[in-house]
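What follows is each chain in one-letter form.
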Amino acid sequence: MNKKILTLLLSLALLGSSCSEFLSVNEVNPNSASKVPAKLLLPATLNNTAGMMNNPRNFEFVYLWHGLWSISSGYSQPSALVQYRLLNASYQGTFSNSYAIGQNLTEIEKATTDPKDMGYKAIAMIMKAYLMQNLVDLWGNVPYSEAYKATEGNLKPKYDDQKAIYEDLILKLDAAIKMIQALPVDATEIPASSDIIFGGNMTKWAKFANTIKLRMLVHQSGMTGRDTYIKAAIATTSSVGYLGAGESALSNPGYLNSAGKMNTFYETFYKADGTS
């Protein structure tokens, strides 16, 4: 009798364990990578940034308001834009995608700890500064200091002052430039397949960072009381130089002349006149 009870209890225990494992919703998904190497995450992130920034539909309100676009005869004026009737939901995709891309850049920063791999981290810092600079220019006060902290439970980040964001971005760009200058002689060479903008040329990345910094300082040149700040900021990295002729920051992951694989800007307009 005791043996039968013991056998029954053992069977129930095994059955309970099996059911627990089968019904568990906290199992690790073997098809979902918990950590993606920077060399694989970087090219996709760079391509997504270039695609978003070069899709003219994402920023048509800027082009029209600044006189960069004109409406041809025979076409209706976009009423929401010419009447300045933008809502909180307007161009929400551009806003959200900027932060989605920024999250991937943050993951590259977090994953890069080996001194030999700091080139990846520097690139991520520069690109995130580029994204945030454009967000500030378009929306003013935006989430910054508390952004990218959803995994820590912060789902409602505060909106920071645009001036404070700009000043911190300048510091981040300076830090990225110093990081590049301090790369060890045995630093990991970033392959062209990962760096689809400069092909792993870190000197050009430093110049790109300094060029973004210069743009941000020029944007503040019309503000009262900023002359001393601007001159001091320029002086700290003036020796790095800026992107010159033939050194444009251009992304080319391998565009092809087929639908869905063209340059975003070209694919938007190459048939716009109706003749092609």
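Scroll up to find the structure.
The rules behind the values
The numbers attached to residues start from 1 for each chain and follow its sequence in the written order. Local features in a predicted model are, by the rule used here, given only for residues with pLDDT of at least 70; side-chain atom pairs are given and counted only at 80 or more, and totals for whole chains, interfaces and linings are based on all residues. Here the side-chain values reflect all heavy atoms present in the structure, with hydrogen atoms and water set aside. In the cavity and pocket records, a cavity denotes points on a 1 Å grid over the protein atoms alone where a 1.4 Å probe fits but cannot get out, a pocket denotes an open set with protein on both sides within 12 Å along at least 5 of 7 lines, and lining residues are residues with an atom within 4 Å of a point. Grid points are joined across faces, edges and corners, and a volume is the space filled by probe spheres set on the points. To qualify as a helix, a DSSP run of H or I must reach at least 4 residues; to qualify as a strand, a run of E must reach at least 2; elements of each kind are numbered from the N terminus. The classification used treats Ala, Val, Leu, Ile, Met, Phe, Trp, Tyr, Cys and Pro as nonpolar, Asp, Glu, Lys and Arg as charged, and all other residues, Gly among them, as polar. Multiplying one less than the number of residues by 1.5 Å gives the expected span of a helix. For every residue, the accessible area (1.4 Å probe, protein chains only) is compared with the maximum for its type, and the residue is labelled buried under 20%, exposed over 50%, or partly exposed between those bounds. In protein, a polar contact means a hydrogen-donor-capable atom and an acceptor-capable atom, both N or O and within 3.5 Å, with residues adjacent in sequence counting only if both atoms are side-chain atoms; elsewhere, any N or O pair within 3.5 Å suffices. Any two rings among Phe, Tyr and Trp, with Trp reduced to its six-membered ring, count as a pair given centres within 6.5 Å; such a pair is stacked if its planes are under 30 degrees apart, edge-to-face if over 60, and tilted if neither. Definition used: whenever NZ (Lys) or CZ (Arg) falls within 6 Å of the ring centre and also within 35 degrees of the ring normal, the charge is taken to sit over that ring. Under this scheme, a helix contributes an axis fitted over its contacting stretch, all axes are lines through C-alpha atoms, and angles between N-to-C directions fall in the 0 to 180 degree range. If an angle is under 35 degrees, it is roughly parallel; if it is over 145, roughly antiparallel; if it lies from 65 to 115, roughly perpendicular; otherwise it is oblique. Should the near helix be turned anticlockwise from the far one by less than a right angle, the crossing is termed left-handed; should it be turned clockwise, right-handed. Any two residues whose heavy atoms approach within 4.5 Å at even a single point are treated as in contact.

Undergrad: I'm lost on the layout of surface pockets in this one. Help?
TA: Over the atoms rolls a probe the size of a water molecule, and its path tells where empty space is left. Space inside the largest pocket adds up to approximately 760 Å³. Met 53, Asn 54, Tyr 63, Tyr 130 and Asn 134 are, among the 30 residues lining the largest pocket, the residues nearest its centre. Taken together, the elements giving at least two residues each to the lining of the largest pocket come down to helix H2 (38-53), helix H3 (60-65), helix H6 (118-139) and helix H10 (264-269). Among the residues making up the lining of the largest pocket, the classes are represented as 18 nonpolar, 11 polar and one charged.

Undergrad: Would you mind going over helix H7 (residues 162-181) with me for this structure?
TA: Because each turn of an α-helix spans 3.6 residues, side chains separated by three or four positions in sequence point in the same direction. With 20 residues, H7 should cover 28 Å at 1.5 Å per step; its first-to-last C-alpha distance of 29 Å lies within 8% of that length. Within H7, the full set of buried residues consists of Ile 165, Tyr 166, Leu 169, Ile 170, Leu 173, Asp 174, Ala 176, Ile 177, Met 179 and Ile 180. Capping the start of H7 is the job of one residue whose side-chain oxygen sits 3.1 Å from the backbone nitrogen of Lys 163: Asp 161.

Undergrad: Whenever I open this one, the packing of aromatic side chains confuses me. Can you help?
TA: A ring pair, where both rings are aromatic, is described by two values, the distance of the centres and the angle of the planes. For the structure shown, the criterion picks out 11 aromatic pairs. Summarising the aromatic geometry, the rings of Phe 95 and Trp 139 are spaced 5.2 Å apart at their centres and angled 75° between planes, so their arrangement reads as edge-to-face. With Phe 95 in helix H5 (residues 92-111) and Trp 139 in helix H6, the pair connects residues that are 44 residues apart, well separated along the chain. Among the residues examined, Phe 95 registers a relative accessible area of 13% and is labelled buried. With a centroid separation of 6.0 Å and an interplanar angle of 65°, the aromatic rings of Phe 198 and Phe 208 are classed as edge-to-face. Here Phe 198, found in the loop between H7 and helix H8 (202-219), pairs with Phe 208, found in helix H8; they are 10 residues apart in sequence, far enough to count as distant. Just as Phe 198 is buried, Phe 208 falls in that class too. Connected via pairs of aromatic rings, a cluster forms that spans Phe 61, Trp 65, Tyr 84 and Tyr 91. Here the guanidinium or amino end of Arg 226 rests over the ring plane of Tyr 229, the centre of that ring lying 4.2 Å away.

Undergrad: What's the story with the packing of H2 against H6 in this structure? I'm lost.
TA: Describing two packed helices takes the angle between their axes plus the distance from one axis to the other. At their nearest, the axes of H2 and H6 sit 11 Å apart, and the two run at 20° to each other. Between H2 and H6, the crossing angle belongs to the class labelled roughly parallel. In the crossing of H2 with H6, the sense of the turn from one axis to the other is left-handed. Residues Ala 38, Lys 39, Leu 42, Leu 46, Thr 49, Met 52 and Met 53 of H2 form the contact with H6, whose participating residues are Tyr 120, Ile 123, Met 127, Tyr 130, Leu 131 and Asn 134. Looking at the contact of H2 with H6, its residues break down into 10 nonpolar, two polar and one charged.

Undergrad: For this particular structure, what's the right way to read the packing of H5 against H6?
TA: Between H5 and H6, the least distance of the axes is 9 Å, while the angle of their chain directions is 160°. Viewed along their axes, H5 and H6 adopt a mutual orientation that is roughly antiparallel. In the packing of H5 onto H6, the handedness of the crossing is left-handed. In this structure, H5 contributes Thr 94, Phe 95, Ser 98, Tyr 99, Ile 101, Gly 102, Leu 105, Thr 106, Ile 108 and Glu 109 to the contact, and H6 contributes Tyr 120, Lys 121, Ala 124, Met 125, Met 127, Lys 128, Leu 131, Met 132, Leu 135 and Trp 139. Looking at the contact of H5 with H6 residue by residue, the class counts come to 13 nonpolar, four polar and three charged.

Undergrad: Would you mind showing me how to read empty space enclosed by the protein here?
TA: Considering all chains together, one arrives at one cavity of 30 Å³ or more under this definition. If you add up the space inside the largest cavity, you get close to 30 Å³. What lines the largest cavity is simply Met 52, Met 53, Phe 59, Ser 98, Leu 131, Asn 134, Leu 135, Leu 138 and Trp 139. Counting residues per element, the lining of the largest cavity draws most heavily on H6, which supplies five residues. Residues that form the lining of the largest cavity fall into these classes: seven nonpolar, two polar and no charged.

So, to be careful, I would describe these as geometric facts and stop short of saying anything about function.
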